[in-house]
Every structure is written in C-alpha cells, then in structure tokens.
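# Per-entry structural report
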Amino acid sequence: MSSSLKQRIIPWLSKWGVVLAIIVLFIFFSIALPGFLSASNMISILRSISIVTVIAIGLTVALTVNGLDLSIGSTATLASSLVVSFFVWYSMPLFVSLPLALLLSLSVALFNMLLILWFRIPDLVATLSTMFIVEGLAMTYTGGGSISEGMPRLDGTPTFGKIPAAFKSMGQVPLIIIIMLIAVLLVHLLLNHTRYGRLLYATGGNIEAARLTGIPVNRYRAFAYIMSAFFAALGGLMIAARIGSAQVNAGAGYLMPAVAAAYIGFSFAGQGKPNALGTFAGAVLIGVLENGLVMMSVPYYSMNIVKGSILALALASTYWHQKNH
Amino acid sequence: MERNRHLLEVERLNVKFPGVHALKDVSIRFQTGEVHAVVGANGAGKSTLMKVLGGLYPEYTGEVKFDGQVVHIMHPVHSRALGIDVVYQEVDAALIPYLTVAENVMLGWMIHGEGRKNVIFRRNHIKQQATAILHRLRKRIDPDALVQNLTLAEKQLVLIARSLVEKQRFIVFDEPTAALSHRETEELFRLIHELVQTEGIGVIFISHRLQELYTLAERATVMRDGAVVASGLMHDFSADDLVRLMLGSSEAVDTKNEVGTKNANVTREHMTFAVHAFTDRAGRFENISFEATGGQVIGIAGMVGAGKTELAQALVGARPLLSGNIVLNGQNVRFSSPVQALQHGVVLIPEERRKEGLWLAESVAFNLTIGTLKTLSRPFWQGGWLRSDQLRQESLKMIGALGIKTPNEKKPVAFLSGGNQQKVVIGKWLLHHASKVYIFDEPTKGVDVGAKRDIMRLIRSLTAKGALVIYMTSELGELLAIADDIYVLFDGRMVQKVSAHETTESKLLYYATGGV
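No experiment lies behind these values; they were computed from the predicted model shown.

With that settled, consider the interface of chain A and chain B. Residue-level contacts link 23 residues of chain A with 31 residues of chain B. Both faces considered, chain A and chain B share a buried interface measuring about 2,200 Å² in area, 63% of it formed by carbon and sulfur atoms. The interface formed by chain A and chain B holds one salt bridge in total. The closest approach of N and O atoms between B:Glu362 and A:Lys273, which form a salt bridge, is 2.9 Å. Put simply, chain A and chain B have ten residue pairs in polar contact (both at pLDDT 80 or more) between them. Mapped by element, the contributors of at least two residues to the side of chain A that touches chain B are α7 (175-193), α8 (195-205) and α9 (207-212) of chain A. The element that contributes the greatest number of residues to the side of chain A that touches chain B is α8(A), accounting for seven residues. Class assignment for the residues of the side of chain A that touches chain B results in ten nonpolar, eight polar and five charged.

On to the side chain of A:Asn291. Residues and elements named next belong to chain A. Residue placement: Asn 291 occurs in helix α12 (residues 276-295). You can call Asn 291 buried: its relative accessible area is 12%. Ignoring any residue separated from it by four or fewer positions in sequence, one finds Asn 291 in contact with Phe 36, Asn 41, Ser 44 and Ile 45.

Before going further, it helps to spend a moment on the packing of aromatic side chains. Under the criterion given, the structure shown has 19 aromatic pairs over all chains. Ring centres of A:Phe230 and A:Phe231 lie 5.2 Å apart, and the angle between their planes is 80°; on these two criteria the pair is classed as edge-to-face. Each ring, one from B:Phe290 and one from B:Tyr487, has its centre 5.6 Å from the other, and the planes form 45°; the classification is tilted. Highlighted residues: B:Phe290 in strand β12 (residues 288-293) and B:Tyr487 in strand β19 (residues 485-490), separated in sequence by 197 residues. Members of the aromatic cluster, each reached through a chain of ring pairs, are A:Phe26, A:Phe28, A:Phe29 and A:Phe36. The ring of A:Tyr201 carries the charged tip of A:Lys273 above its face, separated from the ring centre by 4.4 Å. Over the ring of B:Phe415 we find B:Lys411, and its NZ or CZ is 4.9 Å from the ring centre.

What follows covers helix α18 (residues 505-512) of chain B. All names here are of chain B. Within α18, the full set of buried residues consists of Glu 505, Leu 508, Leu 509, Tyr 511 and Ala 512. When α18 is viewed along its axis, its buried side chains cluster within an angular range of 160° and face the same direction. Where α18 is buried, its residues touch α9 (239-247), α17 (476-482), β19 and β20 (493-499). Looking one or two residues past α18, Gly 514 carries a phi angle of roughly 100°, positive in sign.

Parameters and conventions
- Residues numbered from 1 in each chain as written.
- Chains lettered and ligands numbered in written order.
- Predicted model: local features only at pLDDT ≥ 70, side-chain atom pairs only at ≥ 80, totals over all residues.
- Heavy atoms only, no water.
- Contact = heavy atoms within 4.5 Å.
- Buried area = accessible area lost by both parts, 1.4 Å probe.
- Salt bridge = Lys/Arg side-chain N within 4 Å of Asp/Glu carboxyl O.
- Polar contact = N/O pair within 3.5 Å; in protein donor to acceptor, adjacent residues only side chain to side chain.
- Helix = DSSP H or I, 4+ residues; strand = E, 2+ residues; numbered from the N terminus.
- Nonpolar A, V, L, I, M, F, W, Y, C, P; charged D, E, K, R; others polar.
- Buried < 20%, exposed > 50% of the residue type's maximum accessible area, 1.4 Å probe, protein only.
- Phe/Tyr/Trp six-rings, centres within 6.5 Å; stacked < 30°, edge-to-face > 60°.
- Lys NZ or Arg CZ within 6 Å of the ring centre and 35° of its normal.
- Arc of directions from axis to C-beta.

Structure (structure tokens):
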C-alpha cells in the first residue's frame with residue numbers, strides 16, 4: 001500500500017470503523033442467516049439494545065467530565081426494586097411511583113458526589129464502593145428475594161398491588177424503543193448544542209484550564225453524575241417493565257455492555273470523546289453481533305468473549321490513535 | 001586530596017532542536033573535588049547541557065570524555081555507570097513516595113548494584129547500610145520515615161545519599177535552591193562542601209542565584225545563547241561581571257519603538273487595583289503588596305522559582321492564601337475561586353498554556369469562546385442553546401483581530417504554533433467584555449519573535465482602553481520594553497520596586513538573582 005493511501009485510510013478507518021463494522025456484520029449475517037434482515041428481527045435488535053443504550057447514554061454524560069460511573073448497574077437494580085415494590089407492596093398509582101422511584105435512585109448520585117467531590121476519592125474506586133453499597137441496599141430492601149405480583153412479602157404479609165399495564169408497556173415495543181431514541185436525541189442535543197454540553201466537555205477535557213477559565217467545575221461534575229444516575233434509574237424502570245417483576249441484581253448485567261457501548265462510541269465520526277450518537281452506534285454494534293450469533297446458535301455463555309473482544313478492539317483503536325497523534 | 005582525581009570533559013558539544021540551536025560548540029572541563037557553577041540567563045543552554053550529561057539527549061554531536069576516554073552517553077543508565085548523577089529540580093521523579101528513606105537510598109543498589117543478587121529482601125541490612133551513609137553525611141533523618149512525608153530539602157538529601165551508595169563521582173544539581181528556605185539552603189551548601197572535601201566528589205551546580213555561588217563554587221562557567229562565554233575561577237568574576245556576561249553587550253534590545261509609546265493618554269475613568277500583604281498558605285511567597293491603576297502595565301520580574309506563577313494563581317483565587325486581600329476600585333474583594341475573580345474582571349493567562357489554558361483537541365472556536373458562552377447562548381429557560389452563528393462570527397473576528405494563523409476556526413489548537421496558541425488564550429479573555437485586569441504569566445515562553453511583537457502590541461492596546469496588565473516574567477528585557485513600574489520578586493518576597501525608565505536589565509537581573 002502506498003504511504004499516502006495508508007495515511008488516508010487509517011484515519012478514515014478509526015473515524016468510521018464502528019459504522020463499517022456494523023455494515024460488515026449486517027452483510028455477513030444477512031447472507032448467512034435468511035431471517036436476519038426481516039423487519040421483525042430489526043425491531044427485535046432495537047428492542048434488545050434499548051435498556052443498555054439508555055444506561056450507557058447516562059454513562060456517556062459522566063464520561064464527558066472524565067468520570068467513570070460503575071454504580072449504574074446497581075442504580076438500575078435499585079430503581080427496579082423500588083418501583084415494583086411501590087406497585088405490589090404499597091399499591092401506589094403510576095404517577096407517584098415512577099417519579100418517586102427515580103427521585104430516590106438519584107440519591108446514589110448524591111453519595112457518589114460526596115465520595116468524589118468532597119472526599120476526593122478517584123471516581124473508579126468511589127463508584128465501585130457505591131456499586132456494592134447500592135447493590136446491598138436494594139437486596140436488603142427486597143429481603144434478598146424478588147418481588148412479583150401476588151407474591152407475599154418475606155414476613156408473610158400478602159400483597160394485593162398490581163403492576164399497571166401502562167407501566168409494562170414501557171418495556172414493550174414500540175415505547176421501549178421510543179424512550180431509547182428520545183434519550184439518545186436529548187443527550188446528543190445537550191452535549192452538542194447547549195452551553196452545558198460545552199462546559200461538560202471543557203471540564204473533562206482539561207480540568208485545570210476549566211478551573212482557571214472560571215468554569216464551576218464541581219457543579220458540572222455533579223451534574224454529570226446526576227445525569228448518569230438518572231438514566232441508570234430510567235433503565236431500571238424499563239427492566240422492571242420488561243420482566244414485570246423485580247429480580248435480584250437485575251441491573252448488574254447491564255454495566256459492562258453499557259461501558260463497552262460508551263467506549264466503542266468514542267471514535268465515532270472522529271470525535272475521540274464520549275458522545276451520544278457514538279454510544280448508540282456502540283450499542284447497535286453489540287446488539288447486532290449478539291443477535292446474529294444467537295441466531296447462529298452460538299451459546300449465550302460464550303457471548304461475553306465476543307463482547308469483551310469488541311470492547312478491547314475499540315479501545316485499542318482509540319488509544320492507539322491517541323498515541324500516534 | 002590528590003587521590004584519584006577524575007576529569008569530565010565536554011568538547012565542541014552541539015545540540016540542535018527544530019528551529020533552535022540549543023548548544024553551540026560547548027567545551028567545559030569538570031573535575032572531582034571541586035564545585036563548578038554553571039550560570040546563565042533563561043535559554044542559555046544550562047539545562048540542555050545537564051540533560052546531555054544525564055543521558056537524556058543522545059542525539060548530541062561532539063565529544064564527552066571521562067578521564068581522557070571518549071564515552072557515549074546515550075541513556076541515563078550510561079551516565080550512572082560512568083559515575084555521573086543528576087539531581088533534577090523535580091526530585092519526586094526520582095523517588096518512590098511510599099518506600100522508606102532507607103529503601104530509597106538503597107534503590108540503585110537493589111536494582112543495579114550488589115543488592116540485585118539478593119532474592120530475599122534484607123530489610124535490616126538495607127537499613128544498616130543506609131544509616132551508615134546518612135551518618136557519613138552527618139544527617140539526622142529517620143531511615144524508617146516514608147519519603148512522601150519528607151520536605152524538599154530532605155528529599156534532596158536522600159538523592160545525595162543514594163549517589164554516595166552508588167559511588168558516583170560527579171553530582172549535577174539543577175537549581176536545587178529554587179524552592180528551599182534560607183536555612184535549608186545553608187544546610188545544603190554545608191553538605192555539598194562535605195561531599196567535595198571529604199568524599200572528593202565533583203559537583204556541577206546550576207543556578208540563577210549569583211550571590212550564593214560565591215560561598216560555594218571554586219570555578220564558574222557562564223553561558224549565553226547556547227555557548228560558553230567565559231570560564232574561570234569564581235573569585236575572578238565580580239557579580240557585575242557575571243551579570244554582564246550573562247546578558248551580553250548587545251542586550252540593549254530596544255523594542256520600545258516597535259510596540260508603540262507607553263502611557264497613551266487614558267481619558268477613561270481610572271480603575272484602581274491594590275494588592276495587600278498577599279501571603280501564600282504553602283509559603284511560596286509572602287507579604288506581597290503593590291498598587292496600580294487602569295492603563296498601566298505592572299511588571300513583576302523574577303527568575304524560575306521566585307514565586308511568580310504561584311502569585312499569579314493566587315491573584316485569581318486559584319491558590320489558597322494565608323492572608324492578604326485585593327482592593328478593586330476601593331472595594332475590598334477576596335477571591336476564593338477563579339469564578340469570583342472572573343466576575344470582577346480579573347483574568348489569568350497562565351504560563352503552562354497547554355496544560356492550564358487550552359483544550360488542545362478542541363477547535364480554535366471552542367477555545368476562544370469557552371469563557372464567554374453565557375453571552376453566546378440562550379438563557380437557562382431556553383435550554384442554554386448555543387447560538388452557533390454568533391459563536392462562529394465572534395471567533396472569526398478574534399482570529400482576524402489577533403492575526404491567529406489557522407486555516408479556519410474549526411482546526412484543533414494542537415495544530416497551531418506556540419505563538420498562535422498563546423493568542424488563542426489571550427483572545428478568550430478579550431471576548432469576555434468584563435475583563436479589566438489581565439495577569440500574564442510568562443506570555444512569551446515558547447513564542448517566536450513575530451508573535452512576541454504582536455503580543456506586546458496587544459498589551460498596549462489593552463492598556464490604551466483602560467485595562468490593567470500585570471506582566472510577570474523572567475525575560476527582563478521584555479519588562480523594560482513594556483512595563484511602567486517593575487517589582488522584583490526573589491525567593492517569594494518583593495525585593496525592589498523600580499520604574500522601567502530608571503533601570504537597566506543588568507540592575508534587574510542583579511536584584512532578581514538575590515543582590516541587594
């Protein structure tokens with residue numbers, strides 16, 4: 001390959017590699033699997049990635065200020081336990097239980113802020129401890145078990161509450177996909193077209209310069225953690241709506257795919273930083289791959305090998321690009 | 001005294017960087033058993049020379065000879081093997097904070113020395129050896145103390161002790177006293193005397209502080225613009241000689257005409273700005289006071305380590321004070337963060353622009369407008385939406401006004417030259433209409449001549465509009481050209497106030513290097 005061609009192709013690849021990978025996978029799977037390209041399968045892919053995407057979109061905001069938030073999985077668990085308990089144990093109406101569950105879950109962000117901004121614990125380990133604590137909290141709250149309609153509480157008290165059908169529709173097509181698309185769009189607009197987005201990127205891009213430029217950096221860091229807890233809680237509500245009950249550690253499995261989607265998205269369109277559309281593309285890539293592999297009868301327990309490798313590949317391209325800059 | 005003298009010679013040493021000839025035919029002889037001072041103004045090549053000896057610039061040309069033998073120093077390991085140890089200003093880079101004093105002293109021995117053969121870590125043996133060395137230096141320092149809890153002076157001591165363990169023959173000190181207190185400096189000098197007298201080590205001592213060298217050095221080499229201009233016995237040079245040699249005779253740079261006249265008649269109402277008894281909480285400067293009015297350029301002269309940068313940060317509330325306050329237009333203000341300083345129109349153009357002033361991966365427009373987004377976007381209740389047209393226009397206006405060389409406003413600033421990057425940092429505050437006090441910290445560092453002139457002109461136009469400029473630098477010639485009043489900072493204290501047209505560069509240098 002001539003060097004000038006090489007010089008043009010490598011940057012192009014690192015810019016559009018994710019999109020290219022999605023296209024290549026699409027072509028490959030639609031040739032190998034007759035049912036892959038059907039409309040119902042496309043919708044099923046979108047449905048399968050919607051919860052991960054919503055959680056990942058919140059993490060994307062945290063990443064803009066250079067803050068990794070590992071507590072999103074357990075925040076989702078907490079929100080799902082809370083909302084189902086409100087319905088089943090306390091028979092609360094929808095318009096009370098939804099906002100209340102979201103609001104209570106936001107306290108996770110407060111705790112993260114206490115650890116990170118007040119005690120100055122590095123974000124990775126701070127949110128790691130939050131993750132444990134919240135996981136334990138959610139489990140203690142539910143008494144170590146799941147909550148579903150008609151199931152008595154641990155002390156034997158019978159329950160009469162029902163999960164409203166309107167709530168369950170949050171976990172069904174089309175609403176689940178619409179929620180995801182709105183979340184992506186809103187965060188995309190926030191990050192790219194508002195003052196707040198600029199200042200979030202400024203804080204994460206060079207915190208010392210941001211501070212000396214008179215940007216209230218801690219306010220923006222706090223805002224970012226609140227956003228990540230909010231979307232994690234929203235994801236938790238969607239989990240509960242989808243499975244119609246609260247399961248032990250239901251959100252834990254969403255942490256790693258969300259982290260992967262957000263990091264895969266870094267290189268999208270050559271941005272080299274966390275961004276909403278990139279995160280969406282990352283989630284699509286993982287979703288397409290998972291869907292196709294399942295249809296090719298690859299066992300579910302091997303799936304993490306593939307997902308992990310994709311993450312490693314995406315990170316390698318992002319950081320290798322930085323190194324050579 | 002005549003035991004095993006060693007000679008370290010550099011001959012016709014040349015180092016070139018893109019655009020800079022950092023060392024030009026440098027030839028110096030160093031020998032063990034004496035202190036050899038290397039002095040020079042900023043950019044004279046002292047640090048480059050030291051880094052060649054430390055093995056950090058393998059691309060040098062010319063010869064380095066050890067006891068007459070040509071040696072090739074391509075890597076720090078080579079210089080250590082030859083017996084040359086460099087104590088850099090950033091001592092922390094050479095120490096492991098969570099190990100003890102003894103372990104740090106014996107580090108080289110454990111890795112390269114006999115200790116590397118030991119599979120088992122012999123704590124007591126290591127402690128004994130380290131204690132013996134520290135004893136030889138007659139220093140009471142707890143060998144079990146963790147290095148992270150030591151003072152700077154103690155950390156230097158640990159590095160010196162390590163050199164002794166490794167039986168180094170030459171120790172190069174890079175500005176070791178820049179951040180030391182008076183008492184600590186005296187202690188260090190006593191120690192260096194011991195090293196030379198009883199251990200027979202050769203000390204190469206790099207410093208700006210001329211006065212202290214007379215008590216320490218036998219021999220001195222003066223460098224200017226990458227070349228050696230004089231070399232000889234220390235007491236053959238007077239302090240005046242040294243200053244003159246450091247500056248050169250052609251140093252009467254008259255940039256005044258180029259940058260226009262001073263004190264353009266300001267018709268505006270004068271703003272007043274007074275700093276009272278600023279004292280740093282970490283002790284880097286104390287009792288700094290000065291007064292100024294709008295339309296002036298106040299110069300603050302000081303060499304590296306004098307406390308300029310710390311003062312600049314404290315002025316915008318980015319560094320905690322022990323005491324002191326600012327009186328702005330008769331109103332008492334105290335900034336606890338740059339946010340507040342900004343509200344009062346006090347802004348900083350920091351020295352480390354790449355680290356503290358710019359977002360390198362972001363566009364010129366992003367960098368120019370980041371401090372003024374509030375006026376370039378819709379209010380909160382309209383979602384804080386960016387007015388992208390205005391954003392672009394303002395950026396283009398500033399790019400034009402400052403002559404920033406960039407293909408367009410979307411180019412990441414990482415691709416701009418140093419001078420153009422500096423213009424971007426300045427432009428950020430010009431767009432902020434409330435700015436009235438501009439603090440420049442070493443604004444011409446790494447900036448080419450043309451951009452330097454542009455920056456000077458810009459400062460003139462700021463003061464012509466009634467703004468106050470506080471200009472901090474170690475480039476003393478610039479101050480003469482641009483400043484009205486000059487305050488000289490030495491060792492964290494204001495040692496002199498002079499008027500720019502009543503002083504000379506050599507006087508300034510004399511004060512800034514500790515003369516009184």
